[in-house]
Amino acid sequence: MTIKQSSTRQSSLDVSPDELRELSSRVNELVLEYFSEVSSLPVFPETFAGDTLAQVGATLPAEGEPVEQLINDCHTIIKNSRHNGHPRFFGYVASPATPVGAFADLIASALNSNVTSWRSGPAATEIERTVVRWLGSLIGYDEDARGLLTSGGSMANMTALLIAQRVKSGREASRKGLWRSDAPMTIYASEQVHMSIPKAADILGFGRDQVRLIGCDDQFRMNVGLLRERIAADLQNGLRPFCIVASAGTTNTGAVDPLSEIAHVAKEFALWFHVDGAYGAPAALDETKRSLFVGLERADSVSLDPHKWLYAPLDCGCLLFRDEAQARIAFGDEDADYIKVLEQDADESFAFWNYGPELSRRFRALKIWLTLRYYGVSRIAAAITEDNVLAGYLAEIVGQAEDFELLAQPQLSICCFRYVPPAMRSRLTEAQENKAIESELNKLNERIMYAIQRGGRAYLSSATIHGKFALRTCITNFRTTRADIEQTLDIIREAAVAI
Ligand SMILES: Cc1ncc(COP(=O)(O)O)c(C=O)c1O
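Parameters at a glance
- Throughout this description, residue numbers start from 1 for each chain and increase along the sequence as written.
- Residue-level local features of this predicted model are given only where pLDDT is at least 70; pairs of side-chain atoms are given and counted only at 80 or more, and the full residue set underlies all totals for whole chains, interfaces and linings.
- Labels follow the DSSP assignment, with helices taken as runs of H or I lasting at least four residues and strands as runs of E lasting at least two, numbered in each case from the N terminus.
- The quantity called the radius of gyration is restricted to C-alpha atoms. Its globule counterpart is 2.2 Å times the number of residues to the power 0.38.
- Neighbour density around each residue's C-beta defines its exposure: 20 or more other C-beta atoms within 10 Å make it buried, 12 or fewer make it exposed, and counts between make it partly exposed, where C-beta atoms are placed from the backbone.
- Contacts are defined on C-beta atoms placed from the backbone: any two residues whose C-beta positions lie within 7 Å are in contact.
- Boundaries of every domain are those given by an automatic assignment or by a domain database.
- Every helix has an expected span of 1.5 Å times one less than the residues it contains.
- The directions considered for the arc are those from the helix axis to the C-beta atoms.
- For each residue, a C-beta position is placed from the backbone atoms; the residue is near a molecule or strand when that point lies within 6 Å of it.
- Following the grouping adopted for this structure description, the nonpolar residues are Ala, Val, Leu, Ile, Met, Phe, Trp, Tyr, Cys and Pro, the charged ones are Asp, Glu, Lys and Arg, and the polar ones are all others, Gly among them.
- One bridge is not enough; two strands pair if DSSP finds at least two bridges between them.
- By convention, a crossover is right-handed whenever its connection, traced from the first strand over the helix to the second and viewed with the strands pointing away, goes clockwise.
- Helix axes use the C-alpha atoms of the stretch in contact, all axes being lines fitted to C-alpha atoms, and the angles between their N-to-C directions lie in the range 0 to 180 degrees.
- Orientation labels follow simple angle bins: below 35 degrees gives roughly parallel, above 145 gives roughly antiparallel, 65 to 115 gives roughly perpendicular, and whatever is left gives oblique.
- In this scheme, a crossing is called left-handed if the near helix is turned counterclockwise away from the far one by less than a right angle; it is called right-handed if the turn is clockwise.

A.B. asks: Account for the overall build of the chain, with residues named and values stated.
C.D. replies: If you tally the helices and strands in the chain, you get 16 helices and 11 strands. Its C-alpha atoms give the chain a radius of gyration of 25 Å, within 12% of the compact-globule value 23 Å for 499 residues. Its C-alpha atoms give the chain principal-axis dimensions of about 90 × 65 × 45 Å. Within the chain, the proportion of its 499 residues that are buried is 43%. Looking at the chain alone, contacts between residues at least 24 apart form 73% of all its contacts between residues at least 6 apart.

Below, the structure written as structure tokens:
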């Protein structure tokens with residue numbers, strides 16, 4: 001049978017081959033220019049609220065505008081942006097994107113696969129399932145891990161809690177909402193846990209108070225003795241513990257909870273064991289850090305974010321689990337007509353909607369797949385290892401300096417410290433004055449952080465360490481060098497003097 005070629009529709013959105021070529025070459029030029037100059041741009045632009053719209057306009061265009069104008073406006077947007085790709089960007093947990101990842105996203109957008117299921121995106125689904133397996137094997141979780149890519153760590157954590165709750169409360173009870181009438185179900189995490197866990201508990205209807213925040217040791221790792229006591233006390237009071245969340249790399253200091261011991265407690269009390277490795281899990285690729293991750297392989301589920309420490313462009317998180325059938329309990333068996341799958345083959349009837357809340361999903365896996373294939377695991381591992389080495393170097397020179405104080409020894413690639421002018425340091429030793437000086441130091445370091453953020457030469461964020469305002473550097477940045485680290489301390493000193 002021959003298929004008749006349909007005549008091409010004349011559309012108002014047609015773009016001629018020449019126009020397309022021009023658009024493509026102008027956009028490519030812009031992107032290449034950006035990658036070549038990102039290290040010399042101000043990390044934070046000299047911009048104030050409203051500047052960007054004043055420069056590019058905010059009127060809805062009734063008619064199309066020339067490409068020239070649009071590219072110029074994109075230059076303005078770049079100029080007025082904060083650059084995660086700058087070598088002295090150390091704020092939050094945000095890595096630069098590799099060019100490979102950026103180009104992969106362009107391909108994914110052009111293809112525009114909707115990765116709901118194999119039927120909707122056969123190739124994309126196979127690639128995503130492969131990438132998920134690769135990620136599980138990369139971090140030493142499971143050679144044959146299952147799971148799905150998400151918008152980020154918050155979504156991965158929320159999905160994990162829902163699966164945990166539904167598995168542990170019995171499928172029928174939880175899907176019909178019957179569990180709500182029973183005794184409250186409780187979750188256990190350290191007091192350093194990321195805010196996405198209490199937020200997920202809130203969204204899922206447990207309430208933030210049902211997240212028991214367990215105290216930590218002096219390295220900010222969950223105290224397992226306190227964990228056990230709290231679970232036992234809650235059980236005695238008729239509550240229903242169902243999940244422990246361990247952090248493999250806390251956001252504040254990069255602490256990795258004692259995963260093996262926590263896995264043991266989870267087993268003892270038959271609780272779901274989730275590991276939030278959104279930031280830290282890729283550090284398992286650094287041989288010098290691998291021992292910290294022993295026990296990860298015993299988790300029921302793990303979150304990790306390729307957009308944090310696999311240098312993938314936003315957005316891309318991942319939830320891994322070992323038992324696909326268990327995960328399916330939370331979401332499976334939807335029966336709307338528009339998702340009916342008639343395929344008989346198990347792989348062809350596979351659908352991501354059975355494992356997470358989203359239906360339409362972009363082809364996030366392509367950027368991870370191309371990144372891993374382009375660089376290979378060894379180059380990615382080397383970049384992560386170097387980030388950890390640089391955090392250690394920063395801690396070392398901070399520790400040696402007269403005018404800095406290390407507040408938390410890095411376990412991975414986060415270093416927290418503060419500026420302490422020598423005059424204040426000597427006063428600090430006089431005990432009765434401590435409170436006033438601590439408060440002065442907090443204010444001073446807060447002002448330093450703000451001045452640095454707006455100054456555009458480096459970018460730090462903050463953490464509170466035992467009540468002290470800390471300057472926090474998170475090094476997940478393949479452009480950072482030792483010179484950048486040294487320069488950052490000088491920039492802090494200059495800011496302090498100016499204040
Ligand atoms: C440990 C940890 N978990 C979860 C998240 C949330 O990830 P996302 O911002 O991708 O939602 C973060 C973000 O920094 C994090 O550091």
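A.B. asks: Give me the domain arrangement of the chain: which residues, what numbers.
C.D. replies: Here the chain is partitioned into domain 1 (113-362) and domain 2 (375-498). The distance between the C-alpha centroids of domain 1 and domain 2 comes to 32 Å. On the side of domain 2, 17 residues touch domain 1, which itself brings 20 residues to the contact.

A.B. asks: Please give an account of unusual backbone geometry that cites residues and values.
C.D. replies: The residue after Leu314, namely Asp315, is reached through a cis peptide bond having omega -5°. Positionally, Asp315 belongs in the loop between α11 (306-309) and β7 (317-321). Non-glycine residue Tyr92 carries a positive phi angle of around 55°. For Tyr92, a count of 15 C-beta atoms within 10 Å translates into the label partly exposed. Phi is positive for Asn112, which is not a glycine, with a value near 55°. With respect to the secondary-structure elements, Asn112 resides in the loop between α4 (99-111) and α5 (122-138).

A.B. asks: Which residues make up α4, and what values do they have?
C.D. replies: The terminal C-alpha atoms of α4 lie 19 Å apart, and with 13 residues this matches the ideal 18 Å at 1.5 Å per residue to within 8%. Those residues of α4 that fall on the buried side of the exposure criterion are Gly101, Ala104 and Asp105. In an axial view of α4, the angular spread of the buried residues amounts to 105°, which keeps them on one side of the axis. Facing away from the buried surface of α4 by more than 90 degrees, the exposed residues are Ile107 and Ala110. Where α4 is buried, its residues contact α13 (365-400). Backbone geometry just downstream of α4 places Asn112 in the positive-phi region, at approximately 55°.

A.B. asks: I'd like to hear about the site of the ligand, residue by residue, with values.
C.D. replies: Around the ligand lies a shell of 15 residues, among which Gly152, Gly153, Ser154, His194 and Ala278 are the nearest. The biggest single contributor to the shell around the ligand is helix α6 (residues 153-169), with 3 residues. Residue classes in the shell around the ligand are distributed as 3 nonpolar, 10 polar and 2 charged.

A.B. asks: An account of the pairing of strand β4 (residues 240-247) is requested, with residue identities and associated values reported.
C.D. replies: Among the 8 residues of β4, 7 are classified as buried, and the element is accordingly described as predominantly covered. By the bridge criterion, 5 bridges tie strand β2 (residues 185-190) to β4 in an arrangement that is parallel. Following the sheet pairing, Ile187 is matched in β4 by Cys243. Relative to strand β5 (residues 272-276), β4 runs parallel, the two being bridged by 5 bridges. Within the sheet, the bridge partner assigned to Ile244 lies in β5 and is Phe273. Note that the unit made of β4, helix α10 (residues 259-268) and β5 has a crossover that is right-handed.

A.B. asks: Explain the packing of α5 against α13 residue by residue, including any values.
C.D. replies: Put simply, α5 and α13 touch, their axes get as near as 9 Å, and they point 55° apart. Classed by the angle they form, the pair α5 and α13 counts as oblique. α13 is crossed by α5, and the crossing has left-handed handedness. Facing Ala124, Ile127, Glu128, Val131, Trp134 and Leu138 of α5, the residues of α13 in contact are Ala365, Leu366, Ile368, Trp369, Leu372 and Val377.

A.B. asks: For the environment of Phe103, give the residues involved together with the corresponding values.
C.D. replies: You can see Phe103 is positioned in helix α4. Since 17 C-beta atoms lie within 10 Å of it, Phe103 is described here as partly exposed. A sequence separation of 72 residues divides Phe103 from Val31, and the C-alpha atoms of the two residues are 9.5 Å apart.

A.B. asks: Give me the packing of α6 against helix α12 (residues 324-331): which residues, what numbers.
C.D. replies: Orientation of α6 relative to α12, taken along the N-to-C sense of each, is 95°, at an axis distance of 8 Å. By the angle between their directions, the pair α6 and α12 is classed as roughly perpendicular. Touching Leu162, Ile163, Arg166 and Val167 of α6 are Gln326, Ala327, Ile329 and Ala330, all from α12. For the contact of α6 with α12, the residue count by class is 6 nonpolar, 1 polar and 1 charged.

A.B. asks: Please set out the sheet that holds strand β9 (residues 414-419) residue by residue, giving values where relevant.
C.D. replies: A sheet is described by the order of its strands in space; here 4 strands give the open sequence β8-β9-β11-β10, paired in antiparallel fashion. In this open sheet, the two edge strands, each paired with only one partner strand, are β8 (404-408) and β10 (461-465). The sheet shows a mean angle of 45° between the axes of neighbouring strands, taken without regard to direction. Note that β8 and β9 share 4 bridges and pair antiparallel. Across the sheet, the residue bridging to Leu406 is Phe417, located in β9. Contacting β8, β9 and β11 (468-474), α13 runs over the sheet at an angle of about 20° to β9.

A.B. asks: I'd like a rundown of the environment of His274, residues and numbers included.
C.D. replies: Here His274 lies in strand β5. As for His274 and Ala123, which are separated by 151 residues in sequence, their C-alpha atoms are 30 Å apart. Excluding its chain neighbours within four sequence positions, the residues that come into contact with His274 are Ala160, Ala164, Cys243, Val245, Ala299, Asp300 and Ser301.

A.B. asks: Provide a residue-level description of the pairing of β9, including the pertinent values.
C.D. replies: Along β9, 6 of the 6 residues are buried, which leaves the element largely enclosed by surrounding structure. The alternating pattern of β9 places Ile414, Cys416 and Arg418 and Cys415, Phe417 and Tyr419 on opposite faces, both of which are buried. Between β8 and β9, which follow one another and run antiparallel, lie 5 residues. Sheet topology note: the β9/β11 ladder contains 4 bridges and is antiparallel. When the bridges of β11 are listed, Ile414 appears paired with Cys474.

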